[in-house]
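Architecture at a glance
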Amino acid sequence: MAEVMPDRKGSATGIKDVERRYPISWSGLSHTVSLRGGRSKAIVSNVSGHCDPGQMMAIMGPSGCGKTSLLDLLGGRVGSGTTSGEILIGCKQHPANIRKIVSYVTQEDSLLTCFTVRETLRYASRLAAIPSRAREEAIQEVIVQMGLLVCADTRVGDPLIKGISGGQKRRLSIAIELLHRSPILLLDEPTSGLDSTAAMQVIEHLRDVAQKGHTVVMSIHQASSRAYGLFDSLCLLSKGQQVYFGPTTDVAIEHFAAQGHECPRYSNPAEFFLDVINTDFGAENGGARLEGLVRAFEKSELASSMREALRQQEIPQDGGVSRESAGPFRQFAVLLLRMLHMNWKNPYIFGVRLAMYIALAFMVGTMYYDVGEVARGGEPVAAAAAATSLLALLFYVQAFLVFMSVAILPFFLEIRDVFRRERANGQITCLPYVLADFLAGLPGVTLIALISTMLVVWLANLNGFAQFFANLLLSLIVAESLMHVIGAAQPHYIIGMAFGAGLFGMFMLCEGFMVKPQDIPDGWVWGYYLAFHTYSFEWFVHNQFDDGTLVGEAVLKSFEMEDVDPLRNALILSAYAAVFQAAYFMVLKVFHTGKR
Ligand SMILES: Nc1ncnc2c1ncn2[C@@H]1O[C@H](COP(=O)(O)OP(=O)(O)OP(=O)(O)O)[C@@H](O)[C@H]1O
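Note that this is a predicted model, so its numbers are computed, not measured.

Digging into the overall build of the chain
- For the chain, the helix and strand inventory stands at 23 helices and 10 strands.
- Going through the 596 residues of the chain one by one, you find that 54% of them count as buried.
- Long-range pairs, those at least 24 residues apart, make up 76% of the contacts in the chain with a sequence separation of at least 6.
- Mean positive and mean negative side-chain charge positions of the chain (50 and 55 charges, respectively) differ by 6 Å.

Printed below as a string of structure tokens:
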């Protein structure tokens, strides 16, 4: 029960280097959630248990019995509902560095689909601060352990590009956490989606991991008798209540036999226990039977020795180093590299966007071919008509080319899930992530702004190439920053798309082209000042018409834009970008903690 000194033998690889060993225990743990209509539901009721370093524990029970909820509670991942009871990690309640002690492999695999298995693990090893000389060895070791050798150089894949299988994704998720060498490993259904051989192998490897000093707790739906025999202890739940906690040995069989449930010879005890405690399918007197089993366990010798073990856990131990992880600068460098690499490996995503911008900018340029020249030097009537056309062109460039930033949203969601997993497991923090994300997006958006400017300004013969480019670039940066905030804040990408499109639509209406600034009704003037489009459109109009021509002067006068200061508008747009990036950071920090 007490802290065990680490095994210093072995290589510098993922699972052989536990700096310090941490037990985990929980006693009298209950969790209740509120339902509609003022009702409440007990998800976990008075559950206790412990797992020591070097041991592997299974949480079993019928579907919906509270296995995931218990793991969420142990991993500090519960964000709603009421919890009572005590959880001790390394004999301490709520240790400050819990994210560096506990790694949690959730049921959903959050992986970057463009990378191969080996690339994914390479980035994980960099974030885990494994020294570069030991990195490849560590990666190879977890690849072999998780049976990923055959697909080491295969992409994770997505619905468009078929990659590794669902079971291989599960194993990759585990391999990532193994590289991070957390003393306590929680796994929710690590064998779901695996065939029986692969499931057995994964459990065997996790058993090895435990033997190196890690504390391994996992939920599992079904375990073969061989796999069952590898666990040291078992926590059986039914309807959130504890039916058994103790060794997986004959003790468990004898406990159930004493309650009148004799496990037939040669049958799998894990399956037998699940049959006994499952009351989902209208088993006769199922409720009363479950009640009896819960009471019997509470009064058993097993429960007494469990309580004694839990008392031992309350003796304070020294705190200690949990595990190495990358500092903020290293995180920033690794994340930036990974995001740039990801953009490089996803050329079709950026390529489609770039192609759309090129096509539209080319269309705009050719539809308004040489109109700028007519506005500058044509006879008065033609020049006035050309100026009207130019205003429409500038509105289109400002409004629609910027609107196309909505398209980045779905791509962003995949990254958001990975962010959440890595942050919840203490591998990255928000600031390095936001900075890396911002910088990684710049080359692409600069290329889009530059090519669009070249096509529009040269073909339509507009004024002020440099300012046009700077204005379009800043506007695109603001729009993408806003989409990051929306993407981080919304629960589903369709909601994000609808909200983003609606917001952009409103800003377009208010920016001073559809209705001139001085004619906007008082009730909507706030929209004019709020929309970043306003400052961009003003700058486009001023850049084009502040050319000393009579027509230019007349246009600026009619829009009351004679006094526009390009530098001021550039600063305003930069401030919008900074505010949206700060909001993005806040949304990630507050809402993407990994808690459910
Ligand atoms: N926040 C919540 N609000 C309402 N019900 C919840 C909430 N969280 C969990 N539940 C319910 O609590 C029960 C236990 O859920 P949990 O996911 O922990 O079960 P499980 O044993 O992991 O199930 P499975 O094996 O099918 O994954 C389920 O009936 C679930 O619907």
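What about the packing of aromatic side chains?
- One pass over the full model with this rule turns up 23 aromatic pairs.
- On the basis of an interplanar angle of 45° and a centroid distance of 6.2 Å, the ring pair of Y244 and F256 is categorised as tilted. On the criterion of sequence distance, the pair formed by Y244 in strand β10 (residues 241-247) and F256 in helix α8 (residues 250-258) is long-range, its members being 12 residues apart. The exposure classification of Y244 matches that of F256, with both residues buried.
- Summarising the aromatic geometry, the rings of F403 and F504 are spaced 6.2 Å apart at their centres and angled 80° between planes, so their arrangement reads as edge-to-face. Taken together, the residues F403 in helix α15 (residues 380-403) and F504 in helix α19 (residues 493-510) connect sequence positions 101 residues apart.
- Taking the relative accessible area as the measure of exposure, F403 reaches 22% and is therefore partly exposed.

Some remarks on the environment of L340
- By the secondary structure assignment, L340 is in helix α12 (residues 328-345).
- Take L340: its relative accessible area is 34%, and that puts it in the partly exposed class.
- Those residues in contact with L340 that lie beyond four places of it in its chain are A440 and P443.

Some details on the UniProt feature "transmembrane region" (unreviewed entry) in the chain
- Using the residue numbers shown here, the UniProt feature "transmembrane region" (unreviewed entry) corresponds to residues 348-369, 381-413, 434-459, 465-486, 493-515 and 570-591.
- Regarding residues 434-459, the helix share stands at 100% and the strand share at 0%, and the terminal C-alpha atoms are separated by 37 Å.
- Here residues 465-486 is 100% helix and 0% strand, with 31 Å between the C-alpha atoms at its ends.

Some thoughts on the pairing of strand β1 (residues 24-34)
- With eight bridges connecting them, β1 and strand β2 (residues 40-51) associate as antiparallel partners. Among the inter-strand pairings, H31 is bridged to a residue of β2, identified as V44.
- Pairing between β1 and strand β4 (residues 82-89): seven bridges, direction antiparallel. Bridging across to β4, I24 finds its partner in I89.

Parameters at a glance
- Residues numbered from 1 in each chain as written.
- Predicted model: local features only at pLDDT ≥ 70, side-chain atom pairs only at ≥ 80, totals over all residues.
- Heavy atoms only, no water.
- Helix = DSSP H or I, 4+ residues; strand = E, 2+ residues; numbered from the N terminus.
- Buried < 20%, exposed > 50% of the residue type's maximum accessible area, 1.4 Å probe, protein only.
- Contact = heavy atoms within 4.5 Å.
- Lys, Arg positive; Asp, Glu negative; His and termini not counted.
- Charge placed at Lys NZ, Arg CZ, Asp CG, Glu CD.
- Phe/Tyr/Trp six-rings, centres within 6.5 Å; stacked < 30°, edge-to-face > 60°.
- UniProt positions renumbered as here; feature names shortened; annotations may be inferred.
- Pairing = 2+ DSSP bridges.

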